[in-house]
Amino acid sequence: MGVLVCGVVVLTLICQSHSLDGATNPLHRFKRYQESASSEPSDCTTRTRQPTVLSKSGNFSLDVRMPGVSPTVSDTYLCVAVPVPTTRDAYIVDFEPHASMDTAHHMLLYGCRTPVSTTNYWDCGSVKGTCEDEASIMYAWARNAPPTRLPPDVGFKVGGKSRITYFVLQIHYGDVQAFRDHHRDCSGLTLRMTSKPQPFIAGMYLMMSVTTVIPPGNKVTNADVACTYNSYPIYPFAFRTHTHKLGQVVSGYRIRDGKWTLIGRQTPQLPQAFYPATKGINVKYGDTLAARCVFTGEGRTTKTYIGGTSNDEMCNFYMMYYMESRHAAPFQECMEDGSKELFQNIPPEANVPITVPPEMMMHHMMHSAGAPATSEHQDDMALLQPKREEEEVLDQEHHLDEVTDWPESPLQLGQVSGLALDSDDNLVIFHRGDHQWGVNSFDNSGKYQQQSLGPIQQSTILVVDPVKGSVLKASGRNMFYLPHGITTDKDNNYWVTDVALHQVFKLSSDGRDKPLVVLGEAFEPGSDKEHFCKPTDVAVDPVTGNVYVSDGYCNARILKFSPEGKYLSHWGAGSSDRRRRVQFRIPHSLVFLPERRELCVADRENGRIQCFVAESGEFVKEIKKQEFGGEVFAISYAPVHGGLIYAVNGESAYGRSAPLKGFVINYSTKEILDDFSPENAQEFGMPHDIVVTKDGRVFVGDAATDSVLKFSSDKAEHRSVKKGGIEVQEIEETETIIQTRLKPQHRVEVAVAKVQIPVATQQKTAEPVQEQPQTPQQQEDDKEKTLVKQSAQGVSPAVITTLLLIPLVVVISIGVLIRYRKNRMYGDGCEVKLEQTSSGGILGKLRGKAAGGLNLGNFFATHKGYTRQGFDRLSTEGSDQEKDDENDTDSENEEYSAPPPPVGPSSSS
């Protein structure tokens, strides 16, 4: 009986396993799709649903068509999903459309993993859309465009290991008068595919305007789009333009070093096919991609907006590209409005309309309808063979690590609330001395309750050497009660906020403590133009000198002032954009983006970064990541690599906390490129502000530990690491000395020449070295003198010993050489490599992914133990708001997801 029961259970599990496999198997999905399609009562459906047959050469075709639809309302968007019919990697090399502009306004093919529906067709012009996950546009068609054939060795990768397991065909049916006879439509396309791996993977880059408004009667209206490219090199080989009736000409360009190079230019009133792009063009990291659509509003009596109906307009510039398979990105997009300053230099050709002869329009229509094309026309429409160029390797690692021996001498700081940089990249620290923000600092109306303490007597503003950490200047005595934010202007003046005083000050950096400008009324909170309530930060436009204040703990707004302190305007999130976004909840930190003319805000309690047009306060974008954990305390910006935002998060009072870290974020793609944190077990306490220098060093002010931490990706900054009782010092140049101390009484010294391997070692134990402060240059000089002296004294004994004891020396030399190679401690890249011995085993575990220093992050990886027992003097910074309301690996060859550094100048255009 037991055997029978076991057999039944096993049989059930097997059946269930087969059932699940069938549900997830691509071939099973495709079979179900064919069965459901063939059940449709339509002759055209049964005619187009032909089985997919894989030939011996690996080539096959797939029809993706509408299952006999008959739309009843104009401007209907319908979609159908078709599974990729193979479990292996496959590549699309040709698109053959089957549609007429008399029926279909335009047609798009998307690739994704999870379509909205897998049965029949659905209305995808509503809230349903096309895909549940990210959809990649793979093909676009309109106005009787001819087939599109990709260049040799190039294909769109689908199925297998790609994230595209379904195709979603979307067709826009513009005018339903075409269906007045109630016929059923089976428009779509045929995909020519191959299972043969293609060395280059195709992708689509879409530039699209979403904000353009075309005034009625205007002869010319321009829609400009531009983005900085922040990924691996791509090689455009085809382009397509798309507008509706008002579009005159669409042009796309690559901008490099100020030079505009045409990618493609065409009138959208021709068949909207993919035309050959400029031959040999490439796009690299740091380039700008720009497009302009020229419209006319003549003949219209009302404004025309960007939208999905035939009476709306669109401004799209599609670009097909290829890139090396290991870096392949199937779809990228740009929807950012280009600045007027940038487009002042656009070539004049972009505004010259292209006339379309009637016979040429008819020629294209006839060709699409199946008329034989002439060889001249085939040459015009054939896509060019891509120029094969060696792609530059862009995989250098730039992870930020803590510089643990900075500052050289401890800084005497209170709660560090603000950081800034002057024009010489010196670090400016704003701290609270012996004052603390406690639970009794403010009443419910925001008034400061500890005026009796008087102002802070210590120097609250310190200018610090960013290399050594020594104090260069000090100021700000007897002025402030609770410092908060600080920034510098182009003249090195300090702009600071004090949350107790509810004021903003402009101070000279010459050490005089008399304010040049004072905004707000001392100790009087308010919400009008003359008052603040706990203002948090200041940003200054380096061009106009205008001043922006985030206000703050009580008021959810940004105020704009002239350089002299005259009120100009203010705004809050949601007040000036059509989507009515959620209001600020403690706008805590500001940064001005000079080249973009934008102001970005760390909206602390909303856990997001929002950017606005600085002049008008118009919303631009939002960056909100799960990794932030609901809190973003501070942000900074670097214009390198197309724009990087540096941010730090914080403890959340609402139970959504994430590990406290710093983040490096790509401005354009919003991708987190790197995160960083201290290497000791304490981690961040309350990272309150962050700045980044011109050379990429990052400083974080921590209000919980009364300290400033320095981070760098430069190995030279990590020569001395003292953590957990382990000290490793690395001194580069001609000679290298490694000193590893596991216990105070055990010290090992090894001298290794840069090229020559020593053949003998001194038997005498080295004398302890006196630990006296020396500069690196003094250490190098002393070391060189010592080695020269030892060499001079040891010549004669060495010669005599060699002559008398040649056999013994040979044996000893061989043993030393073997021992050296077995337990060598240095490689070619100045990288410490130790065997798994008592000392080497520990150090081996502590190694980071980059050479040059020890990384204790992985070895001591524990969650921060943050306690609120007793009085936490720092958690009260949020108390006022609370009262009011691929597989990871430890390999050193691990590839990072961060985009590559910019490539060097190229002679190619």
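Because the structure is predicted, anything quoted here is derived from the model rather than measured.

Scoring rules and cut-offs
- Residues numbered from 1 in each chain as written.
- Predicted model: local features only at pLDDT ≥ 70, side-chain atom pairs only at ≥ 80, totals over all residues.
- Heavy atoms only, no water.
- Disulfide = S-S within 2.5 Å.
- Helix = DSSP H or I, 4+ residues; strand = E, 2+ residues; numbered from the N terminus.
- Buried < 20%, exposed > 50% of the residue type's maximum accessible area, 1.4 Å probe, protein only.
- Pairing = 2+ DSSP bridges.
- Axes fitted to C-alpha atoms, helices over the stretch in contact; angles between N-to-C directions.
- Contact = heavy atoms within 4.5 Å.
- Salt bridge = Lys/Arg side-chain N within 4 Å of Asp/Glu carboxyl O.
- Phe/Tyr/Trp six-rings, centres within 6.5 Å; stacked < 30°, edge-to-face > 60°.
- Lys NZ or Arg CZ within 6 Å of the ring centre and 35° of its normal.

### Focus: the state of the cysteines
Counted under the stated rule, the structure contains six disulfides. Each sulfur in the disulfide pair Cys 112 and Cys 131 lies 2.2 Å from the other. Across the S-S bond of Cys 112 and Cys 131 the torsion is about -75 degrees, and the bridge reads as left-handed. With Cys 112 in strand E4 (residues 106-112) and Cys 131 in the loop between strand E5 (121-123) and strand E6 (136-142), this residue pair connects regions lying 19 residues apart in the sequence. Note on accessibility: Cys 112 and Cys 131 belong to one class, buried. Here Cys 600 connects covalently by a disulfide to Cys 611, the sulfurs 2.1 Å from one another. Between Cys 600 and Cys 611, the S-S dihedral sits near 100 degrees, and the bridge is therefore right-handed. Taken together, the positions of Cys 600 in strand E36 (residues 598-603) and Cys 611 in strand E37 (residues 608-613) put the pair 11 residues apart, joining distant regions of the chain. For the pair shown, Cys 600 and Cys 611 are each scored as buried.

### Some details on the sheet that holds strand E16 (residues 259-266)
On the basis of which strands lie adjacent, the open sheet formed by four strands has the order E13-E18-E15-E16 and antiparallel pairing. The two strands at the open ends of the sheet, each matched to only one other strand, are strand E13 (221-228) and E16. Neighbour to neighbour, the strand axes of the sheet diverge by 20 degrees on average, direction disregarded. Across eight bridges, strand E15 (residues 247-256) lies against strand E18 (residues 288-295) in antiparallel orientation. Residue Arg 254 lies in a different strand from E18, and its bridge partner there is Leu 289.

### Re the side chain of Asn 493
If you trace the backbone, Asn 493 turns up in the loop between strand E27 (483-488) and strand E28 (494-498). A relative accessible area of 10% places Asn 493 in the buried class. Beyond its immediate sequence surroundings of up to four residues, Asn 493 is in contact with Thr 487, Thr 488, Lys 506, Leu 507, Ser 508, Ser 509 and Leu 516.

### Digging into the pairing of strand E10 (residues 188-194)
Among the seven residues that make up E10, six are buried, leaving the element largely enclosed by the rest of the structure. Here strand E3 (residues 89-98) pairs with E10 via seven bridges, running antiparallel. Looking at the pairing, Tyr 91 lines up with Thr 194 of E10.

### Observations concerning the pattern of salt bridges
Under the definition given, this model contains 19 salt bridges. Ionic pairing is found between Glu 336 and Lys 621, a salt bridge with its closest N-O pair at 3.5 Å. Highlighted residues: Glu 336 in the loop between strand E21 (331-334) and helix H4 (340-343) and Lys 621 in strand E38 (residues 619-623), separated in sequence by 285 residues. There is no split in this pair, since Glu 336 and Lys 621 are both buried. Three or more residues joined by partner-sharing salt bridges are found here, namely Glu 336, Arg 596 and Lys 621.

### Some words on the sheet that holds E37
Judged by pairing direction, the sheet is antiparallel, and its four strands sit side by side in the order E35-E36-E37-E38 without closing on themselves. At either end of the open sheet lies a strand with only one pairing partner, and these are strand E35 (587-593) and E38. This sheet shows a mean twist of 20 degrees between the axes of neighbouring strands, independent of strand direction. Where E35 and E36 come together, six bridges link them in antiparallel fashion. Its bridge partner lying in E36, Phe 592 is registered against Leu 599.

### Quick word on the environment of Gly 511
Mapped onto the elements of the fold, Gly 511 is located in the loop between strand E29 (503-507) and strand E30 (517-519). For Gly 511 and Ile 461, which are 50 residues apart along the polypeptide, the C-alpha to C-alpha distance reads 9.6 Å.

### So, the packing of aromatic side chains
Any two aromatic rings considered together are summarised by their centre-to-centre distance and by the angle between their planes. Tallied over the entire structure, the rule returns 29 aromatic pairs. Pairing Tyr 139 with Phe 274 gives two aromatic rings, centres 6.3 Å apart and planes at 35 degrees, and the pair type is tilted. One end of the pair, Tyr 139, is in strand E6; the other, Phe 274, is in the loop between E16 and strand E17 (275-276), with 135 residues separating them in the sequence. Using a relative accessible area of 1% as the deciding quantity, one classes Tyr 139 as buried. A relative accessible area of 3% means that Phe 274 is categorised as buried. Taken together, the aromatic side chains of Trp 437, Phe 442, Tyr 448, Tyr 481, Phe 523 and Tyr 553 make up a single cluster linked through ring pairs. Over the ring of Phe 442 we find Lys 534; its NZ or CZ atom is 4.1 Å from the centre of that ring. Lys 621 extends its terminal NZ or CZ atom over the ring of Tyr 667, reaching a point 3.9 Å from the ring centre.

Note that all results are geometric; they support no functional claim without further evidence.
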